[in-house]
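# Structural characterization, general
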Amino acid sequence: MSKAKTARSKSTQSISFYYQNVRGLRSKTDVFHTNMLLSSYSVVALTETFLVSSVKDAELFSKDYIVLRKDRLGDVGWGGVLLAVHKSLSVRRLSNIDGLSNDMELVSALVVDLVLSGFTPETERVSVCGEVDAFVPADTYHPPLEVLVKFKRVGMRSPTLQPRPPVSGPKWNFRKADLRVLYSAISDIDWGDVLTENCSGTAAELFYAKLKNCIDSNVPLKKPASGNRYCYPTWFTADIIKNIKFKHFHLKRYREKGELFNLEMFRYYRTHVKTLIESAFRHYIRSIERDITDDPSKFWKFVDSKRKDRRCDTEFVYKGKTVMGQEATDSFAEYFASVFQGDVPLLNAKLAAQSCSGLPVSSARVAVEKIDAADLHKAAKDLKARASAGPDDISSFLVKDCISVLEAALLHIFNLSLKNGEYPACWKVSRVTPVPKSGTGRDVSNFRPIAVLPGFAKLFESIIESRISLQIQCWLGDSQHGFRRARSTVTNHVNFVDHVRDELDAGRQVDAAYFDFKKAFDLVDNDILLQKCSALGFTPHLLNFLSSYLRDRNQYVEWGGYSSRPFFTRSGVSQGSTLGSTLFTIMINDLPRVVHTAGCLLFADDLKLYLGAGDKSDLEDLQRDIDAVTEWSENNKLHFNTSKCKVITFSRIRSPHIKQYHIKDAVMDRVDEITDLGLTLDSRLDFRTHVTNICKQANKVLGFVMRNRSIGAAPSPLPSGRGGWGGGFAAAPPPASVRVPGLGEAHALGCKRSLCKSYRSVK
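Residues numbered from 1 in each chain as written. Predicted model: local features only at pLDDT ≥ 70, side-chain atom pairs only at ≥ 80, totals over all residues. Heavy atoms only, no water.

### Quick word on the overall build of the chain
Threshold: Where helices and strands are cited, they refer to DSSP runs of H or I of at least four residues and of E of at least two residues respectively, numbered from the N terminus. Contact criterion: two residues are considered in contact whenever any of their non-hydrogen atoms come within 4.5 Å of each other. Accessible surface is estimated by sampling points in the Shrake-Rupley manner with a 1.4 Å probe; for residues, cover comes only from the protein chains shown.
A count of helices and strands for the chain gives 22 helices and 24 strands. Within the chain, contacts between residues separated by at least 24 positions form 75% of all contacts whose residues are at least 6 apart in sequence. With an accessible surface of roughly 38500 Å², the chain has 53% of that area assigned to carbon and sulfur atoms.

Written as structure tokens, this is what we have:
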């Protein structure tokens, strides 16, 4: 490419816009999605979409588009507008428009890249194309519209407005690595200096240094993701991709030079690619249907890929300020760090043991002295191969496959850590990813953290957890149904519903109080936790190990290629670990002991108290138990979120006794129906609301399956990919005679010959 042409491309930029009144998309999702895969528009605007919340963005658009939509309020099924922007453009949704109300169907967005780069549209270079390929059958009164806008630079890019570059380092691309060579190299590593090290932290660092050096030598790094890179669906064949490129090539030539021959070739490849895509998609769907019994994960992977929203998640709001890039990542880190306690815990094993001297300590001696090879291989077998890599970037499948050659080094580090009571600092780091709680809000407080630990830390914690759980099972109360074997939400529901049903059949009422702890897993006081471990009979040696495990744990947020600075988690149990759930069970194990009259059921941190009553005097017993539970929460520094604590009365009598229950000075809200661990219960316990909700969800899933099912007869054989036309290209040959109005046969033949040379340059 010449310097002059390069300079022109840098000073100008074009964007293609597409608009259509689609008159409903719910019955045309397959056609629209197929045509959308063939397009290359920068911005797509649609009106009269008729979409409802059950139709997800992924059913219409690929991963290459960010979707902004406004459906008609109430999911009524008509109206609605949609705006899709290619991911190569940074888009900002505009919501603070004067006069804009929530009932207006309007979507406004600002393309940030063009503003930051100093581009402005050239009014004389805006064109409306007459040749438009409609995504769905066109409305006669609202024909589709295609607009090409060319921008030119009016000034230099402002350095203060440039987005900050990603700071996350490159990661290994195990997909392109020769695993046989890698595994052979790992088996040849000399672990001598690791096995002679007497400090577990230093031994773990030497272990990582040798392993990562071996991976660096045998695994390529991932290339930085490009915003312009097109992500083809997994079921696309090589023929489809090449024919799409040819179609775009002819369309570009036609727009630049206006050659009718290119227009004719574009139409031909457009039709041919549609046929290939429909055939490939039918073949892909049929393979999923055929293997649904033997490999159901393939079906659910397809379902999950389609039930996602392509949200505009590049900008967020924190403390009333719009943040993006590195600033957004730092805001997530600041918000997540604010949840934990600020005081540094003592984590003194001796003080924890002394504080339990006057308490009835369990006679059990809970100890973990030595880990053997059988424990290591069992933990590696239970490790999920497809689990996300932790902060060390070492994939779980590598840990599982190489556990035999890593056995000696890992057993030395694990047993050295238990012996010295010192947990390696490199395994105390968690990578956190923000995940939206519900809805599409952009406020940072609407996100929750998902933490991922290193794979070797998961192995170690899994072994410790299995040893501890086996020894403390007999000391755990029967009220807890979470994180325990042979117990689940089902057993919790059975115990509760059976009791309520028996009371109702006896003509009595049942009052149930539901409690919500405020950030229970994050606000566990580690000093109190250590005391409770001591009360259960943990040996001093194991208490020293746990104090090291809980001390100075830290996290960092990774989002959109940016990483925040690490922050300490001074309270709580390790999220994303098996040992953390067991420690929380120990923390809350003594809560049911303060309840004397009412029934008590727990599932992790979900607590409910219930009591059958024949008169008003019986309800006072429930209030006394509520007061006792409230006092326990204050003493253990696990406070309730009183605004989310509810009371419901189950009764089939005409005039049940109604009492106001209090948590200290706050009145508990009274409701007529409540969602209990996914089960919707109403005051009459007839399950009508729950059945109705389940039927609605089933109908949504059925509608999704019907929209995405295999259509038509058996799929035709896929192209072999051999032969082809134009110097060995795996592309369909053009028609034998291309009839272009106004062109002679000799001119058309010359276009064909020159076209072959162009194809070689495209390849």
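After that view of the structure, there is still more to cover.
### Re the packing of helix H8 (residues 260–290) against helix H9 (residues 296–306)
The description of two packed helices rests on the angle between their axes and on the distance between the axes. Convention followed: Geometry is summarised by axes, namely lines fitted to C-alpha atoms with helices restricted to the contacting stretch, and by angles between N-to-C directions that run from 0 to 180 degrees. An angle counts as roughly parallel when it lies under 35 degrees, as roughly antiparallel when it exceeds 145, as roughly perpendicular when it falls between 65 and 115, and as oblique in every other case. When residues are sorted by character, Ala, Val, Leu, Ile, Met, Phe, Trp, Tyr, Cys and Pro go into the nonpolar class, Asp, Glu, Lys and Arg into the charged class, and all the rest, Gly among them, into the polar class.
At a closest axis distance of 9 Å, the pairing of H8 and H9 adopts a crossing angle of 130 degrees. What the angle tells us is that H8 and H9 run oblique. Contact residues: Phe281, Tyr284, Ile285, Ser287 and Ile288 in H8; Lys298, Phe299 and Phe302 in H9. Looking at the contact of H8 with H9 residue by residue, the classes come out as six nonpolar, one polar and one charged.

### Looking at the sheet that holds strand E22 (residues 669–670)
Our working definition: One requirement defines pairing of two strands: DSSP has to find at least two bridges between them.
Read across the open sheet, the five strands follow the order E17-E18-E13-E19-E22; overall the sheet is mixed. Whereas interior strands pair on both sides, the edge strands pair on one side only; in this sheet they are strand E17 (599–603) and E22. Pairing between strand E19 (residues 646–650) and E22: two bridges, direction parallel. Pairing of lysine 646 across the sheet is with aspartate 669, part of E22. Packing of helix H20 (residues 616–635) onto the sheet brings it into contact with strand E13 (509–516) and strand E18 (606–613), and relative to E18 it is tilted by some 160 degrees.

### Here we look at the pattern of salt bridges
This is how it is decided: Think of a salt bridge as a Lys or Arg side-chain nitrogen and an Asp or Glu carboxyl oxygen that are within 4 Å of each other.
Counted according to the given criterion, the structure contains 27 salt bridges. Through salt bridges that share partners, Asp57, Arg69 and Asp71 make up one connected network.

### Considering the confidence of the model for the chain
The predicted coordinates of low-pLDDT regions are not to be read in fine detail. The line we're drawing: Note on scores: pLDDT gives the predictor's confidence for each residue, bounded by 0 and 100.
The share of residues in the chain with pLDDT of 70 or more is 81%, and the mean pLDDT across the chain is 83. pLDDT under 50 marks residues 156–168. Its contacts with residues more than four places away, or in other chains, come to 19 contacts.

### Observations regarding the packing of helix H15 (residues 455–472) against helix H19 (residues 578–587)
Test applied: A crossing counts as left-handed when the near helix is turned anticlockwise from the far one by less than a right angle, and as right-handed when that turn is clockwise.
Across the interface, H15 lies against H19 with an axial gap of 8 Å and an inter-helix angle of 30 degrees. For the element pair H15 / H19, the angle class is roughly parallel. H15 and H19 meet at a crossing whose hand is left-handed. Contacts between H15 and H19 pair Glu461, Ser462, Ile464, Glu465, Ile468, Ser469 and Ile472 from the former with Thr578, Leu579, Thr582 and Ile586 from the latter. Broken down by class, the residue content of the contact of H15 with H19 amounts to five nonpolar, four polar and two charged.

### A few points about unusual backbone geometry
It is generally the case that most residues other than glycine have a negative phi and that most peptide bonds are trans. Even without being a glycine, lysine 519 presents a positive backbone phi close to 50 degrees. Note on placement: lysine 519 falls in the loop between E13 and helix H17 (526–535). Non-glycine residue lysine 664 carries a positive phi angle of around 60 degrees. Position of lysine 664 among the secondary structure elements: in the loop between strand E20 (662–663) and strand E21 (666–667).

### Description of the packing of aromatic side chains
Here is the rule we go by: Pairing of aromatic rings covers Phe, Tyr and the six-membered ring of Trp, with a centre-to-centre limit of 6.5 Å; geometry is then stacked below 30 degrees between planes, edge-to-face above 60, and tilted otherwise. The classification of residues rests on relative accessible area computed with a 1.4 Å probe and restricted to protein chains. Under 20% of the type maximum is buried, over 50% is exposed, and intermediate values are partly exposed. Charges are assigned to positions over rings by a cutoff of 6 Å between ring centre and Lys NZ or Arg CZ, combined with an angular limit of 35 degrees from the ring normal.
What the rule picks out here adds up to 42 aromatic pairs. Note on tyrosine 423 and tryptophan 427: the rings are 6.3 Å apart at their centroids and 65 degrees apart in plane angle, and the pair reads as edge-to-face. Across the pair, exposure class does not vary: tyrosine 423 and tryptophan 427 are buried alike. Measuring from ring centre to ring centre gives 5.9 Å for tyrosine 423 and phenylalanine 545, while their planes differ by 70 degrees; the resulting arrangement is edge-to-face. Of the two residues, tyrosine 423 is situated in the loop between helix H14 (403–420) and strand E11 (429–436) and phenylalanine 545 in helix H18 (residues 540–550); the sequence distance between them amounts to 122 residues. You'll find tyrosine 423 and phenylalanine 545 in the same group, each marked buried. Site record: aromatic cluster; members linked through ring pairs are Tyr18, Phe32, Tyr41, Phe61, Tyr65 and Phe135. Sitting above the plane of the tyrosine 549 ring, arginine 553 keeps its charged end 4.5 Å from the centroid.

### So, H18
Side chains three or four residues apart in an α-helix point the same way, a direct result of the helix having 3.6 residues per turn. Burial of H18 is extensive: eight of the 11 residues sit out of reach of the surface. Those residues of H18 that sit buried are Leu542, Leu543, Phe545, Leu546, Ser547, Ser548, Tyr549 and Leu550. Residues of H18 that are buried make contact with helix H11 (349–355), H14, H15, H17 and H19. Two residues or fewer after H18 comes aspartate 552, characterised by a positive phi angle close to 55 degrees.

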